[in-house]
Amino acid sequence: IGRYRYRGLGEQLFDPNVFDPLDPTLGNTNRHEIAAGLSVAYPVGTRQARVGVRNAQLRMARELELLKELERQILLATSNAIAEEHWAWEVLRLAMNRARVAGENYLILQSNALTATRNFDVSGMIDSERRLAEAELNLRRAQIDYALAVKNVLFETGTLLESMRIVVSPEHSE
């Protein structure tokens, strides 16, 4: 950027000799001013703002990744709890069938023991009682496992307190 100024017009306001291009003394006055410079148009103050915006973007990206990871963990925990509940139901169903069959077998052998027969097998009766006791024990274990699996599903889905009809007051929830 350059600038040239001629300061003043002489002793008179409208002196015709001041602008005479043939006058050799025109350029020898101290009224000439020349300036040269460089102008850079760069907004210096936006550096901090840009850094702040970038920092906010990075924090937002971090929070989004944390949210995605939490969603993945919740989905994994819920699906595992549901799969465990299905498995526990199958085990419970099998345990109920085994207990029913062992009970029927025991009743048949008990009815045979009450009738007077010479070929009664005492060891078979004891074995039947043992199988019935084991089947009932396994049935109780399967019922407990199923109840825990259902509790885990309710916990992972966030409905455990609702299923037990427990209400938390708002002032104690923080």
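Residues numbered from 1 in each chain as written. Predicted model: local features only at pLDDT ≥ 70, side-chain atom pairs only at ≥ 80, totals over all residues. Heavy atoms only, no water.

S.K.: Honestly, the overall build of the protein in this entry has me stumped. Any pointers?
M.R.: The number of helices and strands found in the protein is 3 helices and 2 strands. When its helices and strands are written in sequence order, the protein yields β-β-α-α-α. Residue burial in the protein is summarised as follows: out of 174 residues, 13% are buried. A sequence separation of at least 24 residues applies to 67% of the contacts in the protein between residues at least 6 apart. Carbon and sulfur atoms make up 60% of the accessible area of the protein, which totals about 14,700 Å². (Helix = DSSP H or I, 4+ residues; strand = E, 2+ residues; numbered from the N terminus. Buried < 20%, exposed > 50% of the residue type's maximum accessible area, 1.4 Å probe, protein only. Contact = heavy atoms within 4.5 Å. Areas by Shrake-Rupley, 256 points an atom, 1.4 Å probe, with all protein chains shown as cover.)

S.K.: Just to check I follow, could you spell out the packing of aromatic side chains for this structure?
M.R.: The description of an aromatic ring pair uses the distance of the two centres, along with the angle that the planes make with each other. Tallied over the full model, the rule gives 1 aromatic pair. On the basis of an interplanar angle of 55° and a centroid distance of 5.5 Å, the ring pair of tryptophan 89 and tyrosine 146 is categorised as tilted. Placement of tryptophan 89 in helix H1 (residues 46-114) and of tyrosine 146 in helix H2 (residues 122-157) is noted, with a sequence separation of 57 residues between them. (Phe/Tyr/Trp six-rings, centres within 6.5 Å; stacked < 30°, edge-to-face > 60°.)

S.K.: Where do I start with the environment of asparagine 80 in this structure?
M.R.: Inspection of the secondary structure assignment puts asparagine 80 in helix H1. In this structure the C-alpha to C-alpha distance between asparagine 80 and valine 153, which are 73 residues apart in sequence, comes to 8.7 Å.

S.K.: Which parts of the structure should I look at to understand the side chain of glutamate 85?
M.R.: Turning to its location among the elements, glutamate 85 is positioned in helix H1. No salt bridge is formed by the buried glutamate 85. Its closest oppositely charged neighbour is arginine 93, at 12 Å. In this structure glutamate 85 touches Tyr146, Ala149, Val150 and Val153, once residues within four positions along its chain are discounted. (Lys, Arg positive; Asp, Glu negative; His and termini not counted. Salt bridge = Lys/Arg side-chain N within 4 Å of Asp/Glu carboxyl O.)

S.K.: Honestly, a nonpolar patch on the surface in this entry has me stumped. Any pointers?
M.R.: Together, Leu161, Met164, Ile166 and Val168 make up an exposed nonpolar region whose accessible area comes to about 360 Å². Within the secondary structure, leucine 161 is located in helix H3 (residues 160-163). (Patch = residues over 30% accessible without salt bridge, like charges linked within 9 Å, V, L, I, M, F, W, Y side chains within 5 Å.)

S.K.: I tried to follow the nonpolar core on my own but got confused; where do I start?
M.R.: One broad trend across soluble globular proteins is that nonpolar side chains are buried collectively. The biggest cluster of nonpolar side chains holds 11 residues, and these are Leu92, Ala95, Ala99, Ala102, Tyr106, Leu109, Met125, Leu132, Ala135, Leu139 and Ala142. Elements represented by at least two residues in this core include exactly H1 and H2. Take this core: its biggest share by element is 6 residues, from H1. (Core = buried A, V, L, I, M, F, W, Y, C linked by side-chain atoms within 4.5 Å.)

S.K.: I keep staring at the pattern of salt bridges and nothing clicks. Help me out?
M.R.: When the charged atoms of two side chains lie near each other, side chains of opposite charge can form a pair. On inspection of all chains with the given rule, the structure shows 8 salt bridges. Glutamate 65 is paired through a salt bridge with lysine 68; the nearest N and O atoms lie 3.8 Å apart. Separated by 3 residues within a single helix, glutamate 65 and lysine 68 lie in helix H1, roughly one turn from each other. Under the relative-accessibility criterion, lysine 68 is labelled exposed at 51%. Among the salt bridges present, the one from aspartate 127 reaches arginine 130, with a minimum N-O distance of 2.5 Å. With aspartate 127 and arginine 130 both in helix H2 and 3 residues apart, this pair spans about one turn of that helix. Residue class for aspartate 127 comes out partly exposed when judged on its relative accessible area of 27%. Residue classification places arginine 130 among the partly exposed residues on the basis of a relative accessible area of 42%. Linked by salt bridges that have partners in common, Asp127, Arg130, Arg131 and Glu134 make up one network.

S.K.: Could you clarify how one ought to interpret H2 in this entry?
M.R.: Count 3.6 residues to each turn of an α-helix, and residues three or four apart come out pointing the same way. The first and last C-alpha atoms of H2 sit 52 Å apart over 36 residues, in line with the 52 Å expected at 1.5 Å per residue. Every buried residue of H2 is listed here: Gly124, Met125, Ser128, Leu132, Ala135, Leu139, Ala142, Ala149 and Val153. Against the buried residues of H2 lie H1. Downstream of H2 by a residue or two, glycine 158 has a phi angle that is positive, lying close to 80°. (Expected span 1.5 Å × (residues − 1).)

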